[in-house]
Amino acid sequence: MAPKGKEAGMSLIVKEVTRLLEPAIFIFGVYITLTGHLTPGGGFPGGVILACGFVLVVLAYGGERAFRRLPPEGASKYDSGGAILFLFIGALGAIFGGGFLYNFLRVYLPGEPFHLKSAGTIPLLNIAIAMKVAASLFLVVMVLTLFKPWGEEGGER
Amino acid sequence: MLTLYIFMFFIIAAALVAVETPHALSAVVSLGAVGFGLSIICLFIGAPDIAITLVVVEILVLIHMIRVTLKRDIPTIMGPFSRLNVIATMLIFGLGVAFFYQVALELPPFGKAVMTLIENSPSIYYLKESLGQTEAANAITAVLLDFRAYDTLGEATVIFTAIIGAVMLLQRRVRKGKGGERNGP
């Protein structure tokens, strides 16, 4: 943990590298998520990459900056929202198609390799899973960062 | 094939180091080496999806474990040496090797796709029909989110429940720690 009185986080070099790398990491996570139906990847790896970007910010700058970017209430909303979006798409499949989680959009979005607008509901489900995984892993990281064992007043253990 | 064997021996060596080292930090770093070697093996046998997921999850877990073990002196658990334990372990290990030898004679050669051995196997059906039935070019995503979407829903439920439990437990401890009144460990 950072010593008291100083700025939170790591040294200046780490902060600058984080500032440069952070957008690239987030864009890569979104790319992995959105092209999950065309190339290797998908919702789960994309979500974990997004969470890793948040972890980098937490480690380099301390928890406050990451909290400003995504407060825990917002993270829990994204978490529940991803789950509800997944169930909602499944229910739409039950209404318009044959059964629960049926790929009801595949008539309108025919499959073409290397075409982003294809594969029906699969990209939407990928987005829902990425939201869920990123928000929940970010929440766990933040809770573990806040959690100081045996109280920090007691010093080292 | 040679690269696979090299990485397998690397993984086994790293696992032995992780078991035998007296320092907790070295054990954690060796576990990370095991995970990264496993992901490289997945890349070589043609499973890039699993390789990506393994690498990313390994990074996240490794950061957590190093953060936990970095500044704390965690003693390794070393019980007294017992001859009975050693004999029992060797017996169970020998039984496992004997059973595995019987099974290994029946297995197809390493790296050969099992689905090509069986006529009209489900995996062949998924590979052939995934583009026509689900319109997704990536067959793995087609299986995960269309043919077996129920499994993905269950996985998401498991993550959701686990995260809720972790957040509840740890938040309570934070609140208690702030009060300063906490009985010993």
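Residues numbered from 1 in each chain as written. Chains lettered and ligands numbered in written order. Predicted model: local features only at pLDDT ≥ 70, side-chain atom pairs only at ≥ 80, totals over all residues.

Let's hear about the overall build of chain A: which residues, and what values?
A tally of regular secondary structure across chain A gives five helices and zero strands. In chain A, buried positions account for 40% of the 157 residues. The contacts of chain A with a sequence gap of at least 6 include a subset with a gap of at least 24, amounting to 65%. (Helix = DSSP H or I, 4+ residues; strand = E, 2+ residues; numbered from the N terminus. Buried ≥ 20, exposed ≤ 12 C-beta atoms within 10 Å, placed from the backbone. Contact = placed C-beta atoms within 7 Å.)

So, the overall build of chain B: which residues are in play, and what are the values?
Helix and strand counts for chain B stand at seven helices and zero strands. Mapped from its N terminus to its C terminus, chain B presents α and β elements in the order α-α-α-α-α-α-α. The proportion of buried residues among the 185 residues of chain B is 15%.

Describe the environment of A:L125, and please don't skip the residues or the numbers.
Summarising the element assignment, A:L125 is placed in helix α5 (residues 122–146). Residue classification places A:L125 among the buried positions, given that 29 C-beta atoms sit within 10 Å. Expressed as a C-alpha distance, the spacing of A:L125 and A:G82, which sit 43 residues apart in the sequence, is 8.9 Å. When near neighbours in sequence (up to four residues on either side) are disregarded, A:L125 contacts A:F86, A:I89 and B:L145.

Describe the nonpolar core, with residues and values.
Core analysis: the largest hydrophobic core is formed by 51 residues, its most contacted members being A:A51, A:F54, A:A134 and A:F138. Those elements giving two or more residues to this core turn out to be α2 (43–61), α4 (72–96) and α5 of chain A together with α3 (48–70), α6 (139–147) and α7 (149–179) of chain B. If you tally residues by element for this core, the top one is α5(A), at 15 residues. Excluding residues within four positions of it along the chain, A:F54 makes contact with A:A66, A:L70, A:F138 and A:V141. (Core = buried A, V, L, I, M, F, W, Y, C linked by C-beta atoms within 7 Å.)

Account for the environment of A:E16, with residues named and values stated.
Residues and elements named next belong to chain A. For E16, the position within the fold is in helix α1 (residues 12–34). Judged by the 11 C-beta atoms lying within 10 Å of it, E16 is exposed. Along the primary structure E16 and F104 are separated by 88 residues, whereas in three dimensions their C-alpha atoms are 47 Å apart.

Explain the confidence of the model for chain A to me, and be specific about the residues and the numbers.
Close inspection of predicted coordinates is inappropriate for parts of the model with low pLDDT. All names here are of chain A. Taken over all residues, the pLDDT of chain A has a mean of 79, while the share at 70 or more is 83%. The secondary-structure element of chain A with the lowest mean pLDDT is helix α3 (residues 63–69), recorded at 76, while α1 shows the highest, at 90. Under a pLDDT of 50 for its full length, residues 1–5 has, in the predicted model, three contacts with residues more than four places off or in other chains. In this model residues 150–157 is a low-confidence stretch, pLDDT under 50, and it forms six contacts with partners more than four residues away in sequence or in other chains. (pLDDT = per-residue confidence, 0-100.)

Give me the packing of helix α2 (residues 24–44) of chain B against α3(B): which residues, what numbers.
Residues and elements named next belong to chain B. In contact at an axis separation of 8 Å, α2 and α3 are set at 175° when each is read in the N-to-C sense. As far as their axial angle goes, α3 and α2 are roughly antiparallel. Where α2 abuts α3, its residues A24, L25, V28, G32, G35, F36, L38, S39, C42 and L43 lie against P48, I50, A51, L54, V55, E58, L62, M65, I66, T69 and L70. In terms of residue class, the contact of α2 with α3 is made up of 16 nonpolar, four polar and one charged. (Axes fitted to C-alpha atoms, helices over the stretch in contact; angles between N-to-C directions. Parallel < 35°, antiparallel > 145°, perpendicular 65-115°, else oblique. Nonpolar A, V, L, I, M, F, W, Y, C, P; charged D, E, K, R; others polar.)

Tell me about the environment of B:V19, residues and numbers included.
With respect to the secondary-structure elements, B:V19 resides in helix α1 (residues 2–20). Distance from B:V19 to B:G154, taken between C-alpha atoms, is 34 Å for residues 135 residues apart in sequence.

Residue-level account of the confidence of the model for chain B, with values.
All names here are of chain B. Across chain B, the average pLDDT comes to 81, with 86% of residues at or above 70. Highest mean pLDDT in chain B belongs to helix α4 (residues 83–104) (91); lowest belongs to α7 (76). Low confidence marks residues 178–185, where pLDDT is under 50. Its contacts with residues over four positions away, or in another chain, come to six contacts. Prediction confidence for the complex, expressed as pTM and ipTM, is 0.78 and 0.76 respectively.

Give a detailed account of α3(B), specifying residues and quantitative values.
Here α3(B) is 23 residues long and its end C-alpha atoms lie 32 Å apart, about the 33 Å a rise of 1.5 Å per residue gives. Every buried residue of α3(B) is accounted for by B:D49, B:A51, B:I52, B:T53, B:L54 and B:V56. The inward-facing, buried residues of α3(B) contact α2 of chain A together with α2 and α6 of chain B. (Expected span 1.5 Å × (residues − 1).)

How would you sum up α1(A)? Please name residues and give values.
Over its 23 residues, α1(A) runs 34 Å from end to end, which matches the ideal 33 Å to within 8%, given 1.5 Å per residue. Most pronounced at A:L21, the bend in α1(A) amounts to some 35°, and the proline A:P23 follows within four residues. (Bend = angle between axes of the 7 residues up to and from the residue.)

Would you mind going over the packing of α2(A) against α3(B) in detail, with residue names and values included?
Look at α2(A) against α3(B): their axes get within 9 Å of each other, and the N-to-C directions meet at 30°. In this view, α2(A) runs roughly parallel relative to α3(B), as classed from their interaxial angle. In this structure, α2(A) crosses over α3(B), and the sense of that crossing is left-handed. Only B:I52, B:T53, B:V56, B:V57, B:I59, B:L60 and B:I63 of α3(B) make contact with α2(A), whose side of the interface consists of A:F44, A:P45, A:V48, A:I49, A:A51, A:C52 and A:V55. Its residues assigned to classes, the contact of α2(A) with α3(B) comprises 13 nonpolar, one polar and no charged. (Left-handed = near helix turned anticlockwise from the far one by under 90°.)

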